[in-house]
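# Fold and contact review
Given next are the chains, with one letter for each unit.
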Amino acid sequence: MPVQCSSCSKNRAVLRRPKTGHSLCKECFFIAFEEEVHRTIVAAELFKHGERVGIAASGGKDSTVLAHVMKVLNERYSYGLELMLLSVDEGITGYRDDSLETVKRNQEQYELPLKIVSYEELYGWTMDAIVKQVGLKNNCTFCGVFRRQALDRGAIMLKVDKICTGHNADDIAETVLMNVLRGDIARLRRCTAISTSSEGDGVVPRCKPLKYAYEKEIVLYAYFKKLDYFSTECIYSPNAYRGYARTFLKDLESIRPSSIMDVIHSGENLSVRDGVKMPVQGTCSRCGYISSQALCKACVLLEGLNRGLPKLGIGKHHRLHGKLLSQEPLTEKEERKLKAVEF
Ligand code: SF4
Ligand code: ZN
């Protein structure tokens with residue numbers, strides 16, 4: 001027998017909400033999903049009237065749903081935001097070039113301006129070229145560090161006040177787990193924050209309106225709304241460590257559906273004892289970006305690539321930063337040692 005929507009009691013239910021277990025019709029699910037995002041935005045005061053907001057858009061399901069929902073809510077609740085799409089082109093043939101085509105279609109569908117910044121123009125290296133040099137083991141380290149800065153640089157070009165990203169509840173729970181497993185206290189404290197203020201010049205505040213949205217619901221929303229998104233995985237994935245955290249969480253979720261929220265809440269409620277040493281933020285002496293070392297991670301990674309010593313930025317070689325700063329060549333012994341580092 002067809003199940004009735006438990007919200008409107010009129011239409012036939014087409015899905016059971018993973019988050020609440022309610023059987024809903026399409027329209028009631030859309031409203032429930034959008035209203036939850038709206039409540040998240042209002043409760044955390046993510047935006048102010050009149051702000052320019054860049055939506056980090058990759059063409060994937062999360063950022064496509066984010067762009068769609070932000071546009072809907074901005075109109076429905078008169079947020080008064082000026083929305084635009086901001087994309088990063090990592091230079092991955094057969095992946096990003098295709099997903100950027102999706103973003104370009106989204107730009108027309110949602111009538112939002114779009115800015116694309118590329119690794120090639122910012123750093124002189126595409127991910128294709130980086131992978132040729134470093135192989136497939138640490139490529140995501142390069143990509144992650146470069147992306148963070150690329151988004152900031154794009155945001156500054158667009159003169160936006162804020163960037164919002166499509167991180168969903170599953171992503172955040174995975175990150176909490178990874179930071180616990182790595183013992184990364186500084187990141188653990190930051191990763192559950194729904195918004196971050198500017199940490200210094202060149203760093204644009206960020207926020208995550210989908211922080212409490214389950215990935216499963218985002219997929220359902222995109223599917224039933226027939227949104228145009230790109231679902232292929234990066235050809236240089238998998239980021240093995242995140243993959244394990246993801247599988248582990250999915251297993252937990254199948255036994256206890258609230259696991260994702262539970263992990264996020266645990267992360268939010270962990271506090272760091274006074275006296276625990278935290279990295280002190282300064283600025284990179286080469287590019288001016290925030291950094292707790294003399295050179296920021298992106299500059300060290302780039303220097304390594306440009307010197308043909310890509311391992312320079314992987315692991316801890318702070319000792320060598322002085323030499324990098326003064327452009328001094330490494331000694332043969334230092335080079336030999338670096339080349340011998342196992343990834
Ligand atoms: Fe970049 Fe790795 Fe993500 Fe591919 S999987 S886009 S290489 S971070
Ligand atoms: Zn730098």
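Before going into details, it helps to say that this report is about the structure given with it. (Residues numbered from 1 in each chain as written. Chains lettered and ligands numbered in written order. Predicted model: local features only at pLDDT ≥ 70, side-chain atom pairs only at ≥ 80, totals over all residues. Heavy atoms only, no water.)

With that out of the way, let us pick up the coordination of the zinc ion (ligand 2). On the protein side, the zinc ion (ligand 2) has Cys284 (SG), Cys287 (SG), Cys296 (SG) and Cys299 (SG) as donor atoms, found 2.2 to 2.4 Å from it. Geometry at the zinc ion (ligand 2) is tetrahedral, judged from its four donor atoms and the angles of 105 to 116° they form at the metal. Positions of the donor residues of the zinc ion (ligand 2) along the chain correspond to the pattern C-x2-C-x8-C-x2-C. By relative accessible area, Cys296 is classed as buried at 3%. Since its relative accessible area comes to 9%, Cys299 is described here as buried. (Donors = N, O, S within 2.8 Å, 3.2 Å for Na, K, Ca; no water. Tetrahedral: all angles 85-135°; square planar, octahedral: opposite > 155°, others 65-115°. Buried < 20%, exposed > 50% of the residue type's maximum accessible area, 1.4 Å probe, protein only.)

A word on the packing of aromatic side chains. Following the criterion strictly, the structure yields 12 aromatic pairs and no others. Arranged with centres 6.1 Å apart and planes meeting at 55°, the rings of Tyr95 and Phe230 form a pair that is tilted. With Tyr95 in the loop between strand E4 (82–89) and helix H3 (96–110) and Phe230 in the loop between helix H9 (215–224) and helix H10 (240–255), the pair connects residues that are 135 residues apart, well separated along the chain. The same class applies to Tyr95 as to Phe230, namely buried. In this structure an aromatic cluster arises from ring pairing among Phe29, Phe30, Phe33 and Tyr221. (Phe/Tyr/Trp six-rings, centres within 6.5 Å; stacked < 30°, edge-to-face > 60°. Helix = DSSP H or I, 4+ residues; strand = E, 2+ residues; numbered from the N terminus.)

With that settled, consider the pairing of strand E3 (residues 52–56). With four of five residues buried, E3 lies mostly within the body of the structure. Between E3 and its parallel partner E4, the chain crosses via helix H2 (residues 61–76), and the hand of that crossover is right-handed. Sheet topology places E3 next to strand E6 (residues 162–164); three bridges connect them, and they run parallel. Within E6, the residue paired with Ile55 across the bridge is Cys164. (Right-handed = clockwise from strand over helix to strand, strands pointing away. Pairing = 2+ DSSP bridges.)

In this structure, Phe33, Phe47, Ile55 and Met70 are the most contacted members of the largest nonpolar core, which totals 40 residues. When contributions to this core are tallied by element, the ones reaching two or more residues are helix H1 (26–43), E3, H2, E4, H3 and H9. The greatest single-element share of this core, amounting to seven residues, is contributed by H1. Not counting residues within four places of it along the chain, the set of residues in contact with Phe47 comprises Ile41, Val53, Met70, Leu81, Lys162, Cys164, Cys207 and Pro209. By size, the runner-up hydrophobic cluster in this structure holds 37 residues, among which are Tyr95, Cys143, Ala155 and Ile163. (Core = buried A, V, L, I, M, F, W, Y, C linked by side-chain atoms within 4.5 Å. Contact = heavy atoms within 4.5 Å.)

Time to look at the state of the cysteines. Scanning the entire structure with this criterion turns up zero disulfides. Here Cys191 stays unpaired: no disulfide links it, and the sulfur of Cys207, its closest cysteine neighbor, is 16 Å away. (Disulfide = S-S within 2.5 Å.)

Throughout the structure, instances matching the rule amount to 28 salt bridges. Here Glu215 ties to Lys61 by a salt bridge, and the two come within 3.6 Å at their closest N and O atoms. Of this pair, Glu215 sits in helix H9 while Lys61 sits in helix H2, and the two are 154 residues apart along the sequence. As far as burial versus exposure is concerned, Glu215 and Lys61 are alike and both buried. Its salt-bridge partner being Glu268, residue Lys211 comes within 2.5 Å of it at the nearest N-O pair. With a gap of 57 residues between them, Lys211 in the loop between strand E8 (206–207) and H9 and Glu268 in helix H11 (residues 259–269) connect regions that are remote in the sequence. (Salt bridge = Lys/Arg side-chain N within 4 Å of Asp/Glu carboxyl O.)

The subject of this paragraph is the sheet that holds E3. The strand order across the open sheet built from six strands is E5-E4-E3-E6-E8-E7, with neighbouring strands paired in mixed fashion. Whereas interior strands pair on both sides, the edge strands pair on one side only; in this sheet they are strand E5 (114–118) and strand E7 (195–196). Sitting on the sheet, H2 touches E3, E4 and E6, and the angle it makes with E3 is about 155°. Taken strand by strand, H3 contacts E4 and E5, and its axis lies near 165° from that of E4. (Axes fitted to C-alpha atoms, helices over the stretch in contact; angles between N-to-C directions.)

Our focus in this paragraph is the environment of Ser259. Among the secondary structure elements, Ser259 is positioned in helix H11. Residue classification places Ser259 among the buried residues on the basis of a relative accessible area of 6%. In this structure, the C-alpha to C-alpha distance between Ser259 and Asp170, residues 89 residues apart in sequence, is 9.7 Å. In this structure, Ser259 is in contact with Leu252 and Glu253, ignoring residues within four places of it in sequence. A polar side-chain atom of Ser259 sits 2.7 Å from the main-chain carbonyl oxygen of Arg256. (Polar contact = N/O pair within 3.5 Å; in protein donor to acceptor, adjacent residues only side chain to side chain.)

With that settled, the discussion passes to the pairing of E5. Sheet topology places E4 next to E5; five bridges connect them, and they run parallel. Its bridge partner being in E5, Val88 is matched across the sheet by Val117. A crossover links E4 with its parallel partner E5, the connecting element being H3, and its sense is right-handed.

Everything listed is a geometric property; what it means functionally is a separate question.
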